[in-house]
Amino acid sequence: MSAGVNPQKPNIILINVDDLGWKDLGFMGSAYYETPNIDRLAGQGMVFYQAYAAAANCAPSRACMMSGRNTPSHGVYTVDNSERGNSKTRKIIPTPNRDFLPDSLYTLAAMLKDNGYTNGTFGKWHINEDPLQHGFHVNVGGSHRGNPGSGGYFSPYKIDFIENGPDGEYLTDRLTEEAIHFVRANKEKPFFLYLPFYSVHTPIMGKPELIETFAGKQGTKGQDRPDYAAMVASVDQNVGKLMAVVDELNLADNTLVIFTSDNGGIRDISYQTPLRAGKGSYYEGGIRVPLVMRWPGNIQAGSKTDFPVTNLDFFPTLKSIISAEVPAAEQLEGIDLNPVFRKQPMAERAIYWHFPIYLQAYNPKEDGGRDPLFRTRPGSVIRKGKWKLHHYFEDGDYELYNLEEDPGEKHNLAQSQVEIRNQMIDLLESWRLEVNAPVPGQANPLYDKAFEMNLIKQKLNEK
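The structure contained in this document is the topic of the report that follows. The structure presented is a predicted model; accordingly, all values stated were derived computationally and were not measured. (Residues numbered from 1 in each chain as written. Predicted model: local features only at pLDDT ≥ 70, side-chain atom pairs only at ≥ 80, totals over all residues. Heavy atoms only, no water.)

With that out of the way, let us pick up the overall build of the chain. Within the chain, the secondary structure is distributed over 12 helices and 17 strands. For the chain, whose C-alpha radius of gyration is 21 Å, the value lies close to the compact-globule estimate of 23 Å for 463 residues. Counting across all 463 residues of the chain, residues that qualify as buried make up 62%. Within the chain, contacts between residues separated by at least 24 positions form 69% of all contacts whose residues are at least 6 apart in sequence. Summing over all exposed atoms, the chain offers an accessible surface of approximately 17600 Å²; the carbon and sulfur share of this is 48%. Positive and negative side-chain charges of the chain, numbering 48 and 56 respectively, have mean locations separated by a distance of 3 Å. (Helix = DSSP H or I, 4+ residues; strand = E, 2+ residues; numbered from the N terminus. Rg over C-alpha atoms; globule rule 2.2 N^0.38 Å. Buried < 20%, exposed > 50% of the residue type's maximum accessible area, 1.4 Å probe, protein only. Contact = heavy atoms within 4.5 Å. Areas by Shrake-Rupley, 256 points an atom, 1.4 Å probe, with all protein chains shown as cover. Lys, Arg positive; Asp, Glu negative; His and termini not counted. Charge placed at Lys NZ, Arg CZ, Asp CG, Glu CD.)

As structure tokens, then:
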């Protein structure tokens, strides 16, 4: 342990990979992607097999994680406009979307800053113009931008708050180098390192030498793209570099490492079988994410849990670890996971998602959504125990799944398990009232049922 570090205030490293799917890692079951460093990290800590993002796409998930508040509390439901897809196929007027996290909300970074931490973020921010306004001391590469843009992953870059490196420098490598410099500069005091890689978000651009490596490797249906595998491998290599420096500086024993993804993977790029759908959907493939936490002496190496958790839980967990106070007005909506670390029995709790807007399909042939026009339509979702209920606002439809027996959400039990369905409906409606969640119901005057049915038929016939 480095001199001067308070053992009651561990360093915190939060690695948030963009669009990395639940099964895009070796320790999660992929036989195609190669992630030896992240697999090693998983073996040194606890793997959460039923971990979730609080939202199915980038900005709302990050807003939830940084604020500890669910989507109705901050109004960030998606990226850009809530009126997505063809106007003639939207039956109701969706709730307006807020682009940025409100300045009034107290963030995880602000809490850590107020408790003596030096905070640095290196990569994708996406929830306002500048993370320095929300509690960070150092920012490299983070702004409102959600992807590397036309410049892609090679210098010269097209993102903000970063100087170009040598031509051809790879962004994932550069962000890790900046993060390592931050760790070395702050090794004598508590630090919070947030490393939200832009990878593996589109555009899919791997390093040529890694693409060549995977081009000769046999994959399986849905996990067989060498360019995507190269991006995953670069993330893995850089996680390994960072962890090696943490070890070199003797910081490992006093550092909590969290490794996760902001939402599910894009199914058109990588299947998450047996999970259904992908990014943007509230089926499991869109919200289930990989999650590892390592904290020597506090989390047993090689431990695993099936207790359902969400990135809303990070804020209250870290608050508990450092014995911090937050403003009375801040009602954190996750739970403290420290008892899970110690394998203590945990009461079954409900987890909620709210998405009162539209999100159009990526690829109707691959998305696995409810219909071929949208990854999701306006609705809410609740999971409690093995049961998961979807409620769609356009027609008041419900879908009920037993995730223990049907993780792929293929068999809707809403009509056969009426008592369970009604119990879940009651819980969901009570939660929406409690958090003042908007439920849109105003008819869209542009909606054209015949047009919608013809378009759905056309998309289905394309399969």
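So, next bit.
Take the packing of helix 6 (residues 208-215) against helix 7 (residues 226-248) next. Running from N to C, helix 6 and helix 7 cross one another at 120°; their axes reach a closest spacing of 8 Å. One element, helix 6, and the other, helix 7, form an angle in the oblique class. Where helix 6 crosses over helix 7, the handedness of that crossing is right-handed. Contacts between helix 6 and helix 7 involve L210, I211, F214 and A215 on the former and, on the latter, P226, D227, A229, A230, A233, S234 and Q237. Residues of the contact of helix 6 with helix 7, tallied by class, amount to eight nonpolar, two polar and one charged. (Axes fitted to C-alpha atoms, helices over the stretch in contact; angles between N-to-C directions. Parallel < 35°, antiparallel > 145°, perpendicular 65-115°, else oblique. Left-handed = near helix turned anticlockwise from the far one by under 90°. Nonpolar A, V, L, I, M, F, W, Y, C, P; charged D, E, K, R; others polar.)

On to the sheet that holds strand 10 (residues 303-305). Within the open sheet, the eight strands sit side by side as 5-4-6-1-7-9-2-10. Their pairing is mixed. Both edges of this open sheet fall to strand 5 (138-140) and strand 10, since each of them pairs with a single strand only. Adjacent strand axes in the sheet meet at a mean angle of 10° when their direction is disregarded. Two elements, strand 2 (residues 46-48) and strand 9 (residues 291-294), share two bridges in a ladder whose sense is antiparallel. By the bridge assignment for strand 9, M46 is matched with M293. Helix-sheet contacts for helix 9 (residues 314-321) involve strand 1 (11-17), strand 7 (255-261) and strand 9, and the interaxial angle to strand 7 is about 180°. (Pairing = 2+ DSSP bridges.)

In this structure, I13, I15, L193, L242 and F259 are the most contacted members of the largest nonpolar core, which totals 57 residues. Those elements that place two or more of their residues in this core are strand 1, helix 1 (36-44), helix 5 (171-185), strand 6 (191-195), helix 6, helix 7 and strand 7. Here this core takes 12 residues from helix 7, the largest share from any one element. Apart from residues lying up to four places away in sequence, I13 is in contact with F191, L193, L242, M243, V246, T255, L256, V257 and I258. Ranked by size, the runner-up nonpolar core spans 44 residues in total, among them M65, L112, F136 and Y194. (Core = buried A, V, L, I, M, F, W, Y, C linked by side-chain atoms within 4.5 Å.)

Burial of strand 12 (residues 350-355) is extensive: five of the six residues sit out of reach of the surface. In this sheet, strand 15 (residues 379-384) lies alongside strand 12 in antiparallel orientation, the contact comprising six bridges. Looking at the pairing, F355 lines up with G379 of strand 15.

The omega torsion of the bond from S199 to V200 falls at 10°, within 30 degrees of zero and hence cis. Relative to the assigned elements, V200 resides in the loop between strand 6 and helix 6. Residue F161 is not a glycine yet carries a positive backbone phi of 60°. Checked against the element boundaries, F161 lands in the loop between strand 5 and helix 5. Judged by its relative accessible area of 43%, F161 is partly exposed.

The subject of this paragraph is the environment of D24. Along the polypeptide, D24 turns up in the loop between strand 1 and helix 1. Each C-alpha atom, one on D24 and one on K343, is 26 Å from the other, the two residues being 319 residues apart in sequence. Setting aside chain neighbours within four positions, we find D24 in contact with S30, Y33, T35, Q223, Y228, V232, S270, Y271 and Q272.

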